Amino acid sequence: TVPMKIYEVVRQYEARPTESVGELTIEELEARYAGTGLGRRTLAELCDTAGVDPPTCLDRLSRAGIATDLGEKTKSVAERHDRRPIEILSIVIAP
């Protein structure tokens, strides 16, 4: 859709959070990322959003029993493991 294409262009100029998202509860994560399209992002994009390097991202998911690759959409990973995209983000940011 046109709004999503516009968002993709301006997204790169969004301010990055100054606080660590790793310290947020699931409710705070939901409040911050609600409606931002987490499910449509690839895992590589999700890692970038979380400020976590890709190898660490994949390692954390692997430790949680989630085998995937960086090109897969977050929503498909979440659905395959009976989770929500926000829960995948919480795994990625967990220390």
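All of these numbers come straight from a predicted model, not from anything done at the bench.

The rules we used
Residues numbered from 1 in each chain as written. Predicted model: local features only at pLDDT ≥ 70, side-chain atom pairs only at ≥ 80, totals over all residues. Heavy atoms only, no water. Core = buried A, V, L, I, M, F, W, Y, C linked by side-chain atoms within 4.5 Å. Buried < 20%, exposed > 50% of the residue type's maximum accessible area, 1.4 Å probe, protein only. Helix = DSSP H or I, 4+ residues; strand = E, 2+ residues; numbered from the N terminus. Contact = heavy atoms within 4.5 Å. Arc of directions from axis to C-beta. Disulfide = S-S within 2.5 Å. Salt bridge = Lys/Arg side-chain N within 4 Å of Asp/Glu carboxyl O.

Novice: Just give me the short version of the nonpolar core, but keep the residues and values in it.
Specialist: Leu46, Leu61, Ile88, Leu89 and Val92 are the most contacted members of the largest nonpolar core, which has 19 residues in total. No other element matches the six residues that helix 6 (residues 85-93) contributes to this core. Each residue touching leucine 46, except ones within four places of it in the same chain, is listed here: Leu38, Thr74, Ile88, Leu89 and Val92.

Novice: Now, about helix 3 (residues 43-50): what can you tell me, with residues and values included?
Specialist: Within helix 3 the residues assigned to the buried category are Leu43, Leu46, Cys47, Thr49 and Ala50. Buried residues in helix 3, looked at end-on, bunch into an arc of 160°, giving them a common side. The secondary structure elements touched by the buried residues of helix 3 are helix 2 (26-33), helix 4 (54-63), helix 5 (74-80) and helix 6.

Novice: Break down the state of the cysteines for me, citing the residues and quoting the values.
Specialist: Within the structure shown, the criterion is met by one disulfide. For cysteine 47, the disulfide goes to cysteine 57, at an S-S distance of 2.3 Å. Residues cysteine 47 and cysteine 57 share a disulfide whose torsion about the S-S bond is about -80°; that sign makes it left-handed. Taken as a pair, cysteine 47 in helix 3 and cysteine 57 in helix 4 lie far apart in primary sequence, 10 residues in all.

Novice: Quick one: what's the story with the pattern of salt bridges, residue by residue and with numbers?
Specialist: Throughout the structure, instances matching the rule amount to five salt bridges. Note that glutamate 30 is salt-bridged to arginine 84, the shortest N-O span being 2.5 Å. Highlighted residues: glutamate 30 in helix 2 and arginine 84 in the loop between helix 5 and helix 6, separated in sequence by 54 residues. For glutamate 30, a relative accessible area of 29% corresponds to the partly exposed category. A relative accessible area of 42% places arginine 84 in the partly exposed class. Glutamate 72 is paired through a salt bridge with arginine 80; the nearest N and O atoms lie 2.4 Å apart. Using a relative accessible area of 44% as the deciding quantity, one classes arginine 80 as partly exposed. Among the charged side chains, a network of salt bridges with common partners joins Glu30, Arg84 and Glu87.

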